[in-house]
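Descriptive structure summary
Letter by letter, the chains look like this.
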Amino acid sequence: MDKLLKNVLSCMRTKGLLDESEEDVYRFGLECLLLEVVHYLSYIVIGFAMRMIIPMIVTSMVLIPLRRKSGGFHAKTRSGCYLFSCSIVVAVCLLDKIFFPLWLCTATTFGANAIIFAFAPIENENRTLDQEEQKKFRKQALIILVLADMAIIISHKIHIEVCQWLLNGMIVAALLNLCGKIQTKCKLEKW
């Protein structure tokens, strides 16, 4: 990854597309872009391999935006992040194969809502938020949560499988939020 970034930045400098004083900003942006591309391509491969691409995409429609705004558990290294994320996608695909009774769906919806409502946003060492950003991210997370709840209710009336796939995205986001809270608390207690 570092070698690829170095070559791309060198090429950009040679072509006059990059001001050397801003190289760190470009490097960070390119690194984020490449990591996202690798992650999403891997998720699609996993979805196809497990024959769960449509359920995985539907689940991701809730999980990805909710996770971005509410935060949660984060691995310490790039490779750890990649492996953890891929294992979450496999778990989501497995979860999407299971159908739960209505009472359990209702209970988990309330539980997931309560966790995200109580803890969002969860900071990590890579993303610390000032007070204004915390308010903004919390508001955005809660809006996404309400939209997800509405989509779950509507889809329950139309197509029960889609309802559960959307709910699974909320459940996984809530679990990652809870794990992030525990991770943060453990770090604070070490100091």
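First things first, this report covers the structure right here in the doc.

Definitions and limits used
- Residues numbered from 1 in each chain as written.
- Predicted model: local features only at pLDDT ≥ 70, side-chain atom pairs only at ≥ 80, totals over all residues.
- Heavy atoms only, no water.
- Helix = DSSP H or I, 4+ residues; strand = E, 2+ residues; numbered from the N terminus.
- Contact = heavy atoms within 4.5 Å.
- Areas by Shrake-Rupley, 256 points an atom, 1.4 Å probe, with all protein chains shown as cover.
- Axes fitted to C-alpha atoms, helices over the stretch in contact; angles between N-to-C directions.
- Parallel < 35°, antiparallel > 145°, perpendicular 65-115°, else oblique.
- Left-handed = near helix turned anticlockwise from the far one by under 90°.
- Nonpolar A, V, L, I, M, F, W, Y, C, P; charged D, E, K, R; others polar.
- Core = buried A, V, L, I, M, F, W, Y, C linked by side-chain atoms within 4.5 Å.
- Buried < 20%, exposed > 50% of the residue type's maximum accessible area, 1.4 Å probe, protein only.
- Patch = residues over 30% accessible without salt bridge, like charges linked within 9 Å, V, L, I, M, F, W, Y side chains within 5 Å.
- Salt bridge = Lys/Arg side-chain N within 4 Å of Asp/Glu carboxyl O.
- Phe/Tyr/Trp six-rings, centres within 6.5 Å; stacked < 30°, edge-to-face > 60°.
- Disulfide = S-S within 2.5 Å.

Thoughts on the overall build of the protein chain
In terms of helices and strands, the protein chain carries 7 helices and 0 strands. Its C-alpha atoms give the protein chain principal-axis dimensions of about 60 × 40 × 30 Å. When contacts within the protein chain are restricted to residue pairs at least 6 apart in sequence, long-range pairs at least 24 apart make up 75% of them. Surface accessibility of the protein chain: about 12000 Å² in total, with carbon and sulfur atoms responsible for 68%.

Notes on the environment of Ile-53
Following the sequence through the fold, Ile-53 ends up in helix α3 (residues 53–70). For the pair Ile-53 and Cys-93, spaced 40 residues apart in the sequence, the C-alpha separation amounts to 8.2 Å. Discounting residues that sit within four places of it in the chain, Ile-53 has contacts with Ile-44, Gly-47 and Phe-48.

Thoughts on the packing of helix α1 (residues 2–14) against helix α2 (residues 23–49)
Viewed as axis vectors pointing N to C, α1 and α2 meet at an angle of 130°, and their least axial separation amounts to 10 Å. One way to sum up the angle between α1 and α2 is to call them oblique. For the pair α1 and α2, the crossing hand works out as right-handed. Where α1 abuts α2, its residues Asp-2, Leu-4, Leu-5, Lys-6, Val-8, Leu-9, Met-12 and Arg-13 lie against Glu-23, Tyr-26, Arg-27, Leu-30, Glu-31 and Leu-34. For the contact of α1 with α2, a count of residues per class yields 8 nonpolar, no polar and 6 charged.

Some remarks on the nonpolar core
Counting 25 residues, the largest nonpolar core has Val-62, Leu-63, Leu-66, Ile-116, Ile-152, Met-170 and Val-172 as the members making the most contacts within it. Looking at which element gives the most residues to this core, the answer is helix α7 (residues 160–190), with 10 residues. Setting aside residues no more than four positions away along its own chain, Leu-66 makes contact with Gly-71, Ile-116, Ala-141, Ile-144, Leu-145, Met-170 and Ala-173. One finds Met-50, Ile-53, Met-56 and Cys-93 within the second-largest nonpolar core, a separate group that totals 9 residues.

Overview of unusual backbone geometry
Look at the link from Ala-120 to Pro-121: it is a cis peptide, with omega at -5°. Tracing the chain through its elements places Pro-121 in the loop between α5 (102–119) and α6 (131–158). A positive phi angle, close to 55°, is found at Arg-51, a residue other than glycine. Along the polypeptide, Arg-51 turns up in the loop between α2 and α3. In this structure Arg-51 comes out as exposed when scored by relative accessible area, which is 78%.

Details of a nonpolar patch on the surface
On the surface, a nonpolar cluster with roughly 600 Å² of combined accessible area is contributed by Ile-143, Val-146, Leu-147, Met-150, Ile-154 and Ile-158. With respect to the element layout, Val-146 can be found in helix α6. Take Val-146: its relative accessible area is 46%, and that puts it in the partly exposed class.

Focus: the packing of aromatic side chains
The full count for this structure, using the stated rule, is 2 aromatic pairs. An angle of 80° between the planes, with centres 5.7 Å apart, marks the rings of Tyr-40 and Tyr-43 as edge-to-face. One end of the pair, Tyr-40, and the other, Tyr-43, are both in helix α2, 3 residues apart, so they sit about a helical turn from each other. Overall, Tyr-43 belongs to the buried group, its relative accessible area being 14%.

Details of the state of the cysteines
Taken as a whole, this structure holds 0 disulfides when the rule is applied. Unpaired in terms of disulfides, Cys-81 finds its nearest cysteine sulfur in Cys-86, a separation of 9.1 Å. Its sulfur unpaired, Cys-105 is 5.9 Å from the next cysteine sulfur, which belongs to Cys-163. For Cys-105, a relative accessible area of 7% corresponds to the buried category.

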